[in-house]
Every structure is written in C-alpha cells, then in structure tokens.
Amino acid sequence: MKPNPFNTRIGLALGGGAAKGIAHIGVLKAFEEEQIKIHCISGTSAGALIASYYAFGRPAESILSICSTLNLSKIINFTLERGGLFSTNTIREMIHRDLGDVRIEDADIPLAICATDIETGEQLIFREGNLADAVCASMAVPGLFVPVEVDGRILVDGGLVENVPISPLAKMGAGITVAIDLSHVSRYPKPEDTFDVISNAINIGIDFNTRKQLKNADIVVPLDLSRYSLTNNAKCVDELYLEGYHPMRKKIRRVLWYKRMNVAISLLKTVRTLLPFKMPEIIKDLKRHAFGVRNRSEPDTRTPGS
C-alpha cells in the first residue's frame, strides 16, 4: 500500500500476554473516553480474544465483566489428544456464547487475527473465516494447548512470529498504528525449575523479535506487567485494567498529535526512504573530502631524506 499523508485512520495492535491481556481492556477504555475511533484492530493470543470482542461491538466495560473472572483453570480442558495437554474448546464455547458462531469479515471493525503454522513457521493472518477457529489457533500455546487445524494447516500461538501484530494494519487501511506490548520487561523471573528455564528462554526469543518489530509502529505503549501472573489475575483485575488505562491515557495526546501532523510526519518518512544514504554518512564524506583538499593545498615542508 502506498503511503497516504492524509490517512489518519487508527489501527490498534493488541499483543499476547495470556491472563495479562486484561490490560488491553484499559487501553480500549482510554480510546472510548476520548471518543477516538479505532478504524481497524489486530490481535495475537490473548490480544486476539480482546480484539475480537471489541471488533464485534462489545464496549470495554462489557469485555471487562466477561474476562474479569477468566483464569487458566477455567479455560482449560484436559485432553488425551496428541500435541498438547489441554484443548481450546472452552474458549470456543465462550465465543459462541457471547458473540455467536460468526465470521471475521462480519465484524463491525475490520479485524485481523494472527496464528503460526507449526509445520512451515509461517505467519497466518486471518481477515476472514470462522472467528472461533482463528482465535483458538492464535491462543494455542505450543506444548500446552492442542494445535488447531484450519483448512488443513496445523496452527498454534501467533506470538511465535509476531507477538504484537503490527504488520496487518497498513493493509487494513491504517495510517497511524498504535501497538500495545504486554511484555516489556527488563528482567525475567529467576528460574526455580526446568519449566521456568524453558519458559524464560521462549519469552526471551519472542521479546527480542518483538522489540525489532515495534519499530514499525507509530506509537508504542510498552507495559511492564512482570508482577502479574500469566495464568490467574482474578484478584487484581482492577489493578491490571489500570495498568493499560493510565499509560494509554498519557499517550492519547500523541495519538491526537499524529492525527493533526500526519502530513508532515509522512513527508519526513518518505524523505528518509528516498535518500540514498543517511545524513551522518553525508557529513563523514564531506569531512573526508575537505580533509583531502586541505592536504593537497598544504606545501610539503619535509626535508629531503626525512
């Protein structure tokens, strides 16, 4: 898609984070209070679930009431199927109960859900198709949940490839992209056992990839939620909700500024792209050229034989 300096449509990317996803609801509430329209939304893992409810017309407070009692023990079903310990059937049933057996393309707000093909390593971006299938695939943490088969492809958690799904937003028409990262931590928990070591290793790899991808967003809201659980935050729902709400409120002015200044910002981005080399390299070349000219113009004062 060609850059359009007059495009001020906002695209919101909600990252994965398991039970920490409640923070996303606070982010959505901040947009609602300022009456800033979200034109398209994408989600990975827990972000896919929250994004789906919002895209299908549920306001932030309604989503909070639904998700406030969720924890890992309530959404897992032990299974004897190969590929995982638990099924995603409870998540599917919840979506059917609250939203119906709906298709992604029928959402009120354009929606993208990201999953990973466990055989090819490819990212799959669902812009159409069965909503429950896509969300369950996006939330299927490898080794924990049984992979979800969609159209013959074996799919797992989208966070393996893009934990904060910024990439679909431009194709969905967004001119300004806002990314919510639930995993912005400087340190990981001290491992107590083998499972902790494996968990930290996976998270380090995902977060390293995410930090590079976040550079493609216009506005990033990085949240350090390391003190919250990945499995159960039922006792601190309000605090976790505010962890998303307050930082987004602080960034709202920047969102509005982007909407006003998008023409100038787009022009700067275009100039950077079109320049054949970076400004520091130009300065270095000029200095090198000036130094060479000066050397050639200075008389040789050395004595013969020196």
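Now for a look at the structure at hand. All values reported here derive from a predicted model rather than from experimental measurement. (Residues numbered from 1 in each chain as written. Predicted model: local features only at pLDDT ≥ 70, side-chain atom pairs only at ≥ 80, totals over all residues. Heavy atoms only, no water.)

The final tally for this structure, using the stated rule, is 9 salt bridges. Residue Asp98 is joined to Arg97 by a salt bridge in which the shortest nitrogen-to-oxygen separation is 2.8 Å. Judged by its relative accessible area of 16%, Asp98 is buried. Here Arg103 ties to Glu105 by a salt bridge, and the two come within 2.7 Å at their closest N and O atoms. By relative accessible area, Arg103 is classed as partly exposed at 39%. For Glu105, a relative accessible area of 38% corresponds to the partly exposed category. (Salt bridge = Lys/Arg side-chain N within 4 Å of Asp/Glu carboxyl O. Buried < 20%, exposed > 50% of the residue type's maximum accessible area, 1.4 Å probe, protein only.)

Quick look at the side chain of Glu162 now. Relative to the helices and strands, Glu162 is located in the loop between β8 (153-157) and α7 (167-171). Among buried charged residues, Glu162 stands out as having no salt bridge; its nearest opposite-charge side chain is Lys171, 9.6 Å away. (Helix = DSSP H or I, 4+ residues; strand = E, 2+ residues; numbered from the N terminus. Lys, Arg positive; Asp, Glu negative; His and termini not counted.)

Turning to helix α8 (residues 194-213), a few remarks are in order. Each full turn of the α-helix corresponds to 3.6 residues, which orients residues three or four apart in the same direction. Between its first and last C-alpha atoms α8 spans 29 Å; for 20 residues at 1.5 Å apiece the expected length is 28 Å, and the two agree. Among all positions in α8, only Asn200, Ile206, Asp207, Thr210 and Gln213 are buried. All buried residues of α8 project into a common sector of 140 degrees when viewed along the axis, lining one side. In this fold, the buried residues of α8 make contact with β9 (176-181). (Expected span 1.5 Å × (residues − 1). Arc of directions from axis to C-beta. Contact = heavy atoms within 4.5 Å.)

Moving on: the pairing of strand β5 (residues 111-117). Within a regular beta strand, the side chains point alternately toward one face of the sheet and then the other, so they alternate between its two faces. For β5, the tally of buried residues reaches 7 of 7 residues, placing the bulk of the element in the interior. What you see with β5 is no split at all: Leu111, Ile113, Ala115 and Asp117 on one side and Ala112, Cys114 and Thr116 on the other are buried throughout. By the bridge criterion, 4 bridges tie strand β2 (residues 40-44) to β5 in an arrangement that is parallel. When the bridges of β5 are listed, Ser42 appears paired with Ala112. Pairing of β5 with strand β6 (residues 123-126), which is carried by 4 bridges, proceeds in the antiparallel orientation. Bridged to Cys114 within β6 is Ile125. From the end of β5 to the start of β6, which pair antiparallel, there are 5 residues, and Gly121 there has a positive phi angle of about 80 degrees. Bridge analysis of β5 against β8 gives 3 bridges, and the strand direction is antiparallel. The residue bridging Ala115 from the neighbouring strand is Asp157, located in β8. (Pairing = 2+ DSSP bridges.)

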